[in-house]
Each structure stands twice: as C-alpha cells, then as structure tokens.
Amino acid sequence: MFEGMSEREARSIILKQVEEYCDLYHNQVKPFFPGDRITYASRVYDSDEMVKLVDSSLDFWLTAGRYAEQFEADFASFLGVSYCSLTNSGSSANLLAFMALTASELGDRAIKRGDEVITVAAGFPTTVAPLIQFGAVPVFVDVTIPQYNIDVSMLENALSDKTKAVMVAHTLGNPFNLHAVKKFCDEHELWLVEDNCDALGSRYKYKGVWRYTGTIGDIGTSSFYPPHHMTMGEGGAVYTNSAKLDKLVRSFRDWGRDCSCPSGKDNCCGHRFDGQYGLLPRGYDHKYTYSHFGYNLKVSDMQAAIGCAQLKKLESFVEQRKRNFARLHDRLSGLTEKLVLPEATPFSDPSWFGFLVTCKDGVERVEVVERIEEAGVQTRALFAGNIIKHPCFDEMREKGEGYRVVGELPVTDKIMEKSFWVGVYPGMTNEKIDYVADVICKAVAK
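From a predicted model like this one, the values you see are computed outputs, not experimental measurements.

1. A short note on a nonpolar patch on the surface
A grouping of Trp255, Leu280, Tyr284, Tyr288 and Tyr290 is seen on the molecular surface, where their side chains present a nonpolar patch of about 510 Å² in accessible area. With respect to the secondary-structure elements, Tyr284 resides in the loop between α8 (243-253) and α9 (301-311).

2. A few points about the state of the cysteines
One pass over the full model with this rule turns up 0 disulfides. Cysteine Cys84 remains unbridged, with the sulfur of Cys308 as its closest cysteine sulfur at 11 Å. Just so you know, Cys441 is unpaired, no disulfide at all, and the nearest cysteine sulfur is the one on Cys359, 13 Å from it.

3. Examining the pattern of salt bridges
Taken as a whole and assessed by the stated rule, the structure comprises 30 salt bridges. For Glu319, the salt bridge identified is with Lys322, shortest N-O distance 3.5 Å. Here Glu319 and its partner Lys322 are both found in helix α10 (residues 314-331), 3 residues apart, which amounts to about one turn of the helix. The class of Glu319 is partly exposed, set by a relative accessible area of 38%. For Lys322, a relative accessible area of 17% corresponds to the buried category. A salt bridge links Arg371 to Glu367; its shortest N-O distance comes to 3.6 Å. Linking Arg371 with Glu367, this pair stays in helix α11 (residues 365-374), spanning 4 residues, or about one helical turn. Take Arg371: its relative accessible area is 25%, and that puts it in the partly exposed class. Linked through salt bridges whose partners overlap, the residues forming this network are Glu7, Arg11, Asp55, Asp59 and Arg66.

4. Digging into the sheet that holds strand β7 (residues 209-212)
Judged by pairing direction, the sheet is antiparallel, and its 3 strands sit side by side in the order β7-β6-β11 without closing on themselves. Across the chains shown, the open sheet's two edge strands, defined by having one partner strand only, are β7 and β11 (348-349). Of the pairings in the sheet, the one linking strand β6 (residues 203-206) to β7 comprises 4 bridges and is antiparallel in character. Looking at β7, one finds that Arg203 is bridged to Tyr212.

5. A look at unusual backbone geometry
Note the cis peptide between Ile145 and Pro146, where omega equals 15°. One can find Pro146 in the loop between β3 (137-141) and α6 (155-158). The backbone of Lys207 shows a phi angle near 55°, a positive value even though the residue is not glycine. Among the structural elements, Lys207 can be located in the loop between β6 and β7. Lys207 gets classed as exposed once you look at its relative accessible area, which sits at 65%.

6. Focus: the pairing of β6
Looking along a regular strand, one sees side chains alternate from face to face of the sheet. A one-sided burial pattern is seen for β6, the buried positions being Tyr204 and Tyr206 and the unburied ones Arg203 and Lys205. Between β6 and β7, which pair antiparallel in sequence order, lie 2 residues; one of them, Lys207, sits at a positive phi of approximately 55°. The pairing of β6 with β11 spans 2 bridges and is classified as antiparallel. Within the sheet, the bridge partner assigned to Tyr204 lies in β11 and is Ser348.

7. Quick look at the packing of helix α2 (residues 47-59) against α9
At a minimum axis separation of 8 Å, α2 and α9 run at an interaxial angle of 150°. Our classification of the angle between α2 and α9 gives roughly antiparallel. Crossing angle aside, the handedness with which α2 passes α9 is right-handed. In this structure, α2 uses Asp48, Glu49, Lys52, Leu53, Ser56 and Ser57 to contact α9, whose residues at the interface are Asp301, Met302, Ala305, Ile306, Cys308, Ala309 and Gln310. Residue composition of the contact of α2 with α9, grouped by class: 6 nonpolar, 3 polar and 4 charged.

8. Topic: the packing of aromatic side chains
Tallied over the full model, the rule gives 17 aromatic pairs. Geometrically, the ring pair formed by Phe353 and Trp421 is tilted, given 5.4 Å between the ring centres and 45° between the ring planes. You can see Phe353 sitting in the loop between β11 and β12 (354-359) and its partner Trp421 sitting in strand β14 (residues 419-423), a full 68 residues away along the chain. Given the relative accessible area of 3%, Phe353 is considered buried. By relative accessible area, which is 1% here, Trp421 ends up buried. Cluster of aromatic residues (ring-pair linked, three or more members): Tyr40, Phe124, Phe353, Phe383 and Trp421. The lysine or arginine in question, Arg113, covers the ring of Phe134, its NZ or CZ lying 4.5 Å from the ring centre.

9. Comments concerning the environment of Asn430
Structurally, the position occupied by Asn430 is in helix α14 (residues 430-445). With 280 residues separating them in the primary sequence, Asn430 and Ile150 have C-alpha atoms 32 Å apart.

10. Re α9
Of all 11 residues in α9, 10 are buried; the element is thus mostly enclosed. If you check which residues of α9 are buried, you get Asp301, Gln303, Ala304, Ala305, Ile306, Gly307, Cys308, Ala309, Gln310 and Leu311. Contact partners of the buried residues in α9: α2, α3 (66-79), β1 (83-87) and α10.

11. What to know about the sheet that holds β12
On the basis of which strands lie adjacent, the open sheet formed by 3 strands has the order β10-β12-β14 and antiparallel pairing. Looking at strand neighbours, the two that pair on one side only are β10 (339-340) and β14, the edges of this open sheet. Alignment of β10 against β12, held across 2 bridges, turns out to be antiparallel. Paired with Val340 across the bridge in β12 is Thr358. The strands touched by helix α13 (residues 410-418) are β12 and β14; relative to β14, the strand with the most contacts, the crossing angle is about 60°.

12. A few points about the nonpolar core
One finds Ile118, Val141, Ile150, Val166 and Val181 to be the most contacted residues of the largest nonpolar core, which totals 33 residues. For this core, the secondary structure elements donating two or more residues are β2 (116-120), β3, α6, β4 (163-169), α7 (178-187) and β6. Once residues within four sequence positions are removed from consideration, Val141 is found in contact with Ile118, Thr119, Val120, Ala121, Ile150, Met154, Ala158, Val406 and Leu409. Counting 30 residues, the second-largest nonpolar core is a separate cluster that includes Leu341, Cys359, Val377 and Ile433.

Calculation rules
- Residues numbered from 1 in each chain as written.
- Predicted model: local features only at pLDDT ≥ 70, side-chain atom pairs only at ≥ 80, totals over all residues.
- Heavy atoms only, no water.
- Patch = residues over 30% accessible without salt bridge, like charges linked within 9 Å, V, L, I, M, F, W, Y side chains within 5 Å.
- Areas by Shrake-Rupley, 256 points an atom, 1.4 Å probe, with all protein chains shown as cover.
- Salt bridge = Lys/Arg side-chain N within 4 Å of Asp/Glu carboxyl O.
- Helix = DSSP H or I, 4+ residues; strand = E, 2+ residues; numbered from the N terminus.
- Disulfide = S-S within 2.5 Å.
- Buried < 20%, exposed > 50% of the residue type's maximum accessible area, 1.4 Å probe, protein only.
- Pairing = 2+ DSSP bridges.
- Axes fitted to C-alpha atoms, helices over the stretch in contact; angles between N-to-C directions.
- Parallel < 35°, antiparallel > 145°, perpendicular 65-115°, else oblique.
- Left-handed = near helix turned anticlockwise from the far one by under 90°.
- Contact = heavy atoms within 4.5 Å.
- Nonpolar A, V, L, I, M, F, W, Y, C, P; charged D, E, K, R; others polar.
- Phe/Tyr/Trp six-rings, centres within 6.5 Å; stacked < 30°, edge-to-face > 60°.
- Lys NZ or Arg CZ within 6 Å of the ring centre and 35° of its normal.
- Core = buried A, V, L, I, M, F, W, Y, C linked by side-chain atoms within 4.5 Å.

The following block contains the structure:
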C-alpha cells in the first residue's frame, strides 16, 4: 500500500484513517435514558487525541520525546510558570515535589528525617505518603465545611521548631485560603507545596491578581489520570518558578543523575567529560553521575501526545465543569434543610472536580448513597475520609509515633461519616445533570 510513497505521505494516510476510525467508532453520541449509568468522571476526547497518539507511536521513540517537550512548554505557558516537568502520575508528581525539598542543595531549609510538614487528614493518601516514606512527620490539622479545605485558624497551633513545610491539596477543585496559608509560610520561612491534582484550571485572586492554583506556592503538582480535568491516561506534572527546584525535580525524576540532558541527547553543556564530582575520577562521564537517590518517573511520549491535544480543550473543559456545578447547585438548592451544599472559598474561581455534599443530622449517608447508586448514579467518598483511621496507619497509631495531630479532627470525622460527592465532568449533559439532581432529591426525601 505504501510502496513508492515517502514516509510523510504514508504517515498522512495512516493518520487520516485513524481520524475516520475514531469519528466512526468512538465519537458517536448515545442517547441517555433514565437509569443509564452516570459515572462520577470520564474521559472526554475526539480524534485529535487519537491521531496524536498514533503519530507518536509511529515515531516509536516510546520514552519522553518531542511531544513531552512540547507539552512541558505549553503547560507552563498556560499556567504562567517558568518550569514544568512531566512525570508518570500525579502521585509521582507529589513524590517529586516533596523529595526535591529534601535535597542538600537547599541548605538549612532542606527537609530532613524527623522534620514536620503540616497537612490534612481529609484528602488523598499520596499527598501524605511521600512524607512518611521519607521519614518526615505529617502534622494533621482539621478542615472546614462547606469548603472542605484546611482550617487556617489551626496553622499556628500546628507550628513547631521542626516545621519545614505545608503540603496540602485544593479539595475537589475548591482552592484553599491561599492568602492565609502563603502568609503563614512566608512568616515562618516554610515551603508551600500545592497539590493541584484535583483543581487544574481553578483560579485564586491573590493580592488582587487572578492566578491559577498551583502557581502561588513554591511547587505545584497536577494529575492527568482519566477522571481528572484533562488526561494522558496516566501522567502528572510538577511546576515551579524556581530554577533550582526545577533542576532538583528533574534530577529525582531521572534516576537522581546530576546531568540535565534530555533522553537521547548528550553533552548539551559541553562539559560531559571535564568535571569533578564526589570521589569520582576527574572527567568521569557526567551522564552517569548521580547527585541524589532518585527514581525513573518519566512519562512516555505517547502519553504526552494525548496531553498536547487535551490541553487545547482544557479551557472549555473548565467552563463546562463550572456550568454543570452551577446547574446542579441550583437544582439542589431546595435541600438545604437536609444537605450542606458546597461553597467556593472567598477570592476563588473553582474548576470543580466534583459536587460534594454533607448529610445533616437525621439523614443517613449510607442509605442515601445506596439509593443514588441503585438509580445508576456513581458516588464517591472524599477519598480517605480520615487517613489516620486507615489500616496503613495501624502500626504508627499503635506505637504513637510517626505523625502528629492538632486537636481531635471533628470536622474531618464528620466528612468521613456524612459526606459524598457526584460528578460534574464536561461529558455530562444538562439532561444528565438534571437526572442526578432528581435522583438525589428522591433519595434524600425517603
């Protein structure tokens, strides 16, 4: 079929066929019928993503390459930051963000084993896991309802002479109080890591200027897992305005090596064989010189290719999430005697990941959720609920070491017992949103 053609001509034919295939077999809109399963999230894509995926596969580069470089540049530009490093998941992004802060290059500000990091227990495990795996001590403070974010009034009580950082997420797209948290961090010379995995596209009016969440602290992280605001299948990103932190992130991501040459490129600096590092002989290959105990957490170029197509749709995705959230909020406004509805944090413009509600006294969450699920609507708890009550904390809890709690976390426990959420992802039509609202109203009424 391709004999006599140039590679470019053959590729063009293949990609045109991929486009036609996707339009025919993937992009046919199915009618919705009440009772059809409505998931809390799903991929939203078209032939652009599939064409770029196949285009990348035809290169057969496989590891990070031209699409990864393009995405890092375009994503940094979108967010308004100086540096972006792609990685293979949002969990890896959190790991890299934290580990960068343990590097000896940061001097007295480097996080050491036994140092403390303020966070919350009402969240996703991988915001906390890197701290514990390294040997730092998470200090858990409570959250607020109906914003479901860190209770900033508890920050001073959580502070000790071992505190080095605050690492906390913007819950389900709703930004936490960045004015208060950033001020606290600046006053006490603490690092601020914004786990932005559930809040891509959210904005916060910081000192009178609208900025994307994830860009106000020292480091921000994103996830591109399929349910999130945009997807690569698996994938994540770490971003910062600090050249030093970016270099550390890339080192930990790329095996811990000192060299910053991209995969497949050598001697970009022109000094590959003339340096002196550690106790190695002078001139030892800089490509194989390691300054940190790192990992291999790079992304594949095929993932990045999907991301390049998704990024062009991100603004429309965000706007649709906002519309879906507003429509659902309006439809449920009559339930305020039964449910606590979510509220945006002051000075924020959330890119909502989900619609989180808390059952008031007399309304049993388990019964309500069972009725909603039986009607075909998927629900989720607020991730771990209270992470310190999970089996992974059993040994530390029994020993009474490894973490610290400020107060009793009563609001966190209430969320664990009384809260659930449903989706507002951009693939949900008005018809689906209205059905979800009707289902919730009926479930609560019973």
